[in-house]
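Structural description and commentary
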Amino acid sequence: MKAENILEIKDLKVKFPVTGGLLLRKVAEVKAVDGVSLEMRKGETLGLVGESGCGKSTIGKAVINILKFSSPDVDITGEVWIKTDKGEIDLLKLNRHDMRQHRGIIQMIFQDPYSSLNARLTVGQIIEEPMLYHTDLSKNARLERVSWLLEKVGLQPEQSKRYPHEFSGGQRQRIGIARSLSTNPKIIIADEPVSALDVSIQAQVINLLQELQNEFDLSIMFIAHDLSVVEHISSRIAVMYLGNIVELGPGKDIYHNPIHPYSRALLSAVPVPNPKRKKKDRTILTGDVPTPMNKPSGCAFRTRCPIAKPECADAIPPLELKAENHFAACPYVTADEIRV
Amino acid sequence: MSEKTDNEKSTKVSASIFKKRWRKFKTLKRGYYSFIAIVVLFTLSFILPLFIGRDALIVNYNGNYHFPIFKYYSAESFGQNLQGEANYRMLKQQFKEEEKGNWVLMPVYPFGPNENLLSEMDGNPPHPPSAQHWAGTDDRGRDVFARLAYGFNIGLSFSIIVTFFAYFIGVSIGATLGFFGGRVDFFGLRLIEVWSTLPFLYVIIIISSIIQPNFILLVFILMMFGWIGISYYIRGEFYREKARDYVSAAVSMGAKNKTIIFKHVLPNSLTPVISYAPFAIVANIFSLVSLDFLGFGLPPPTPSWGQLMQQGLSNIENWWLIATPLMALFLTLLSITFIGEAIREAFDPKVYSRLR
Ligand SMILES: Nc1ncnc2c1ncn2[C@@H]1O[C@H](COP(=O)(O)OP(=O)(O)OP(=O)(O)O)[C@@H](O)[C@H]1O
Ligand code: SF4
Ligand SMILES: [Mg+2]
């Protein structure tokens, strides 16, 4: 692993089998993640954006190694290295038992604040739970830490006796954040932590995450389906389309100077106040998103790409360096054609 | 919902979902009162000999106290000129006439369920209802009201026990299938399908024609067939709950399967079990009544509603033999159904689906 990295994903592929027939034979597969390599620098916020269903959550769940639990037949290949005090570890090589020892340093914040908290437990019990598995703190010490965490996320310690249904979405997401921090993790996978929230509350939660990132020295993978959410908090952004990363670069560059035709289309759909932007430059995404089950060969975007060529069907284009630290997976575009 | 109104709300007393549902249940009067009535009656039915029965509660004989409901006394021990056990109703009468200061305290309704009253009554059984015998007697001269009361205890206990064990099996099997999914689920389901094609009534008839069924055997048979429905429910619940993020969160924290099942998934999967239970109890009461009616139920002389109805049907002119057990069955099933309805409403997933 490179010195500046805390997490390295190498050629991650996740395939969900589709079974059918009398004996549950595999009849097809969903290539949810189709060869993703991604590095996360220590202390950075790495944005991961893409439309619904492109495999963002699957990457997050593969990284924290929980896919096998809900889908025992899932086929996962590749490597997920993390740096710990005890050295570098490939999480995908660990079985569930060995994985358990490392769960404390890599935690996830889930997409849906309503279903991510067990409604039968009090907030205190929810936040305390990870400490039961990863620390040997006494009951009092745990409760003290629960109060402390609640304050850190902007709630009151007295609220630990309440149940999740007494909180709003934003407050619930704060509870989820407190839970994810209770074991002092180094890496946080934030899976669309704000997309279920009102716009007015989104900013509060994002700001909270940023404050906590500094205080707890966290490296965050921030998943979103909307570039504008991650643009100003991410040092780097990866854009995904149907299981592949199609563009990777510094947040500002991706937002203001997207290179891949898909990112361009994604951005032109966002109303950006930009005087330079002309109406005729807007690319509108046409056609339906193909499902990962019948993913087009070669460049998966070719069915909707305005500049697709016959050769695009041949092979998945690799990420190429297009500008400083800025990669895109399309051989037919350059950084110079600025089209925002 | 804005954060502000939520903070205001949080000054209210906090309540778990169960407490909220219980509060809601209490507001549903019909179900709540039925619940109280059934619970009180069922509890009382375990100390029924104190209210309804042939044995005296207390006998004061020659200055000594005796408690015949706990102990057998022969007729001679009270100076009664009879064979076998003392007849306390006659004893009461006798003591009164003797005026020696001896006395007998009888239960409010001094007739037992299995007691043959022919020697004390005129005419041939069945006797019609009277002030003494509220629901008359059956064709063997036994008091119908006492039989109904004891039959209530037996029927309800029976069906609660069957429901409990059937649920235990159904929940365990359904939870296993739903939690582990995949092939376990696939083959488990096929086995359940095969099992559920066994004709339950025939099995009982066959077994009863070989051996006389007793309480435990009937519980066992009904339980072996009663778990199937609930196992489907629980399987579905486990399947759904397992895919929810709070379970993923538990896995990502490093919780073990045991913790995940018992701390997370199971408590969130019990709603259908609880809201379905009253209806299962109703169904099991009905099963016992039907089996007794058909003559494949509990062995005589167990007081049984079904057996009374069967008598009623063969003596159709003795209307009380059919009307009173039907009435008792109707009222019991109706109240339990009211309870079930109220539970279902209190547990309405539509209100709480967002919270679960
Ligand atoms: N357990 C599973 N079994 C089968 N297919 C799955 C499973 N989980 C995800 N998929 C499929 O994999 C693809 C990627 O799903 P994923 O949840 O990663 O998308 P996402 O990018 O997080 O989308 P969203 O923005 O909606 O959360 C989808 O097509 C989905 O249907
Ligand atoms: S490789 Fe072809 S289809 Fe894919 S983005 Fe580039 S031009 Fe479009
Ligand atoms: Mg997702």
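As the structure is a computational prediction, the values presented were derived from the model and not from experiment.

**Digging into the overall build of chain B**
- When helices and strands are tallied, chain B shows 14 helices and three strands.
- Counting only C-alpha atoms and orienting by the principal axes, one finds that chain B spans roughly 85 × 55 × 40 Å.
- The buried share of chain B, reckoned over its 356 residues, is 49%.
- For chain B, contacts bridging at least 24 residues in sequence account for 67% of all contacts bridging at least 6.

**Regarding the coordination of the magnesium ion (ligand 3)**
Residue and element names in this part refer to chain A.
- Those protein atoms acting as donors to the magnesium ion (ligand 3) are Ser57 (OG) and Gln111 (OE1), and they sit at 1.8 to 2.7 Å. You can see Ser57 sitting in helix α1 (residues 56-63) and its partner Gln111 sitting in the loop between β6 (106-109) and α4 (123-134), a full 54 residues away along the chain.
- For Gln111, a relative accessible area of 29% translates into the label partly exposed.

**Description of the environment of Pro250(A)**
Residues and elements named next belong to chain A.
- Within the secondary structure, Pro250 is located in strand β10 (residues 244-250).
- In sequence terms Pro250 and Asn325 are 75 residues apart; their C-alpha atoms lie 6.9 Å from each other.
- Excluding residues that lie within four positions of it along the chain, Pro250 makes contacts with Ser235, Arg236, Glu324, Asn325 and His326.

**Points about the site of ligand 2**
- Neighbouring ligand 2 are the residues His260(A), Pro261(A), Cys299(A), Arg302(A), Cys305(A), Ile307(A), Cys312(A), Pro317(A), Cys330(A), Pro331(A) and Tyr332(A).
- Per-class residue counts for the shell around ligand 2 are nine nonpolar, one polar and one charged.

**Observations concerning empty space enclosed by the protein**
All names here are of chain B.
- Tallied over the entire structure, the rule returns four cavities of 30 Å³ or more.
- Taken as a whole, the largest cavity spans an internal volume of roughly 110 Å³.
- Within the residue set of the lining of the largest cavity, elements represented by two or more residues are α5 (144-180), α11 (271-294) and α12 (305-314).
- Classifying every residue of the lining of the largest cavity gives nine nonpolar, five polar and one charged.

**A few points about the sheet that holds strand β1 (residues 58-61) of chain B**
Residues and elements named next belong to chain B.
- Spatially, the three strands line up as an open sheet ordered β2-β1-β3, and their pairing is antiparallel. The sheet terminates laterally at β2 (64-66) and β3 (103-105), the two strands that pair on one side only. The average undirected angle you get between the axes of adjacent strands in this sheet is 15°.
- Two elements, β1 and β3, share three bridges in a ladder whose sense is antiparallel. Counterpart to Asn60 in the pairing with β3 is Trp103.

**As for the pairing of β10(A)**
All names here are of chain A.
- With six of its seven residues buried, β10 lies for the most part within the structure.
- Here strand β9 (residues 236-241) hands over to β10 after two residues, with Leu242 in that stretch at a positive phi of 45°.
- Bridge count for β10 against strand β12 (residues 326-328) is two bridges, and the pairing is antiparallel. Across the sheet, residue Leu248 finds its bridge partner in β12, namely Phe327.

**Describing the sheet that holds β10(A)**
Residue and element names in this part refer to chain A.
- Read from one edge to the other, the open sheet built from eight strands follows the order β6-β7-β8-β3-β9-β10-β12-β11, with strand pairing classed as mixed. The sheet is open, and its two edges are formed by β6 and β11 (320-323), each paired on a single side. For this sheet the average axis-to-axis angle between neighbouring strands, irrespective of direction, equals 25°.

**Some remarks on the nonpolar core**
- Core analysis: the biggest nonpolar cluster contains 58 residues, and Leu7(A), Leu38(A), Met221(A) and Ile260(B) have the highest contact counts within it.
- Those residues in contact with Ile260(B) that sit more than four places away from it in its chain are Phe69(A), Arg96(A), Phe179(B), Val247(B), Ala250(B), Val251(B), Ala255(B) and Val265(B).
- Judged by nonpolar contacts, the second largest core, of 52 residues, contains Val153(A), Val194(A), Val246(A) and Cys305(A).

**Comments concerning the domain arrangement of chain B**
- Domain annotation of chain B identifies domain 1 (55-106) and domain 2 (145-346).
- When each unit is reduced to the centre of its C-alpha atoms, the spacing between domain 1 of chain B and domain 2 of chain B is 44 Å.

**A closer look at the site of ligand 1**
Residue and element names in this part refer to chain A.
- The full set close to ligand 1 counts 15 residues, and Ser52, Gly53, Ser57, Thr58 and Glu192 are the nearest of them.
- In this structure, Thr58 approaches ligand 1 through a side-chain N or O atom, which is 2.4 Å from an oxygen atom.
- With the chains in place, 66% of the 640 Å² that ligand 1 exposes on its own is no longer accessible.
- At the level of elements, β2 (25-41) and α1 are the ones that each hand at least two residues to the shell around ligand 1.
- When residues in the shell around ligand 1 are grouped by element, the largest group, three residues, is from α1.

**Re a nonpolar patch on the surface**
Residues and elements named next belong to chain B.
- On the surface, a nonpolar cluster with roughly 900 Å² of combined accessible area is contributed by Tyr33, Ile36, Val40, Leu41, Leu44, Phe46, Ile47, Leu50, Phe51 and Val108.
- Relative to the helices and strands, Phe51 resides in the loop between α3 (29-44) and β1.
- You can call Phe51 partly exposed: its relative accessible area is 32%.

**Observations regarding the confidence of the model for chain B**
All names here are of chain B.
- Overall, the predicted model of chain B reaches an average pLDDT of 86, with 94% of residues at or above 70.
- Note that pLDDT drops below 50 for residues 352-356; the model gives that stretch 18 contacts with residues more than four away or on any other chain.
- Among the scores for the predicted complex, ipTM is 0.89 and pTM is 0.84.

**Looking at the side chain of Thr84(A)**
Residues and elements named next belong to chain A.
- Summarising the element assignment, Thr84 is placed in strand β4 (residues 75-84).
- Under the relative-accessibility criterion, Thr84 is labelled buried at 16%.
- At a separation of 3.1 Å, a polar atom in the side chain of Thr84 contacts the main-chain amide nitrogen of Lys86.
- At a separation of 2.8 Å, a polar atom in the side chain of Thr84 contacts the main-chain carbonyl oxygen of Gly87.
- Those residues within four positions of Thr84 in sequence are excluded, and the remaining contacts are Ile89 and Ile105.

Conventions and cut-offs
Residues numbered from 1 in each chain as written. Chains lettered and ligands numbered in written order. Predicted model: local features only at pLDDT ≥ 70, side-chain atom pairs only at ≥ 80, totals over all residues. Heavy atoms only, no water. Helix = DSSP H or I, 4+ residues; strand = E, 2+ residues; numbered from the N terminus. Buried < 20%, exposed > 50% of the residue type's maximum accessible area, 1.4 Å probe, protein only. Contact = heavy atoms within 4.5 Å. Donors = N, O, S within 2.8 Å, 3.2 Å for Na, K, Ca; no water. Near = heavy atom within 4 Å. Nonpolar A, V, L, I, M, F, W, Y, C, P; charged D, E, K, R; others polar. 1 Å grid on protein atoms, 1.4 Å probe; cavity = no way out; pocket = protein on both sides within 12 Å on 5 of 7 lines; lining within 4 Å. Points joined across faces, edges and corners; volume = space filled by probe spheres on them. Pairing = 2+ DSSP bridges. Axes fitted to C-alpha atoms, helices over the stretch in contact; angles between N-to-C directions. Core = buried A, V, L, I, M, F, W, Y, C linked by side-chain atoms within 4.5 Å. Domains from an automatic or database assignment. Polar contact = N/O pair within 3.5 Å; in protein donor to acceptor, adjacent residues only side chain to side chain. Areas by Shrake-Rupley, 256 points an atom, 1.4 Å probe, with all protein chains shown as cover. Patch = residues over 30% accessible without salt bridge, like charges linked within 9 Å, V, L, I, M, F, W, Y side chains within 5 Å. Salt bridge = Lys/Arg side-chain N within 4 Å of Asp/Glu carboxyl O. pLDDT = per-residue confidence, 0-100.

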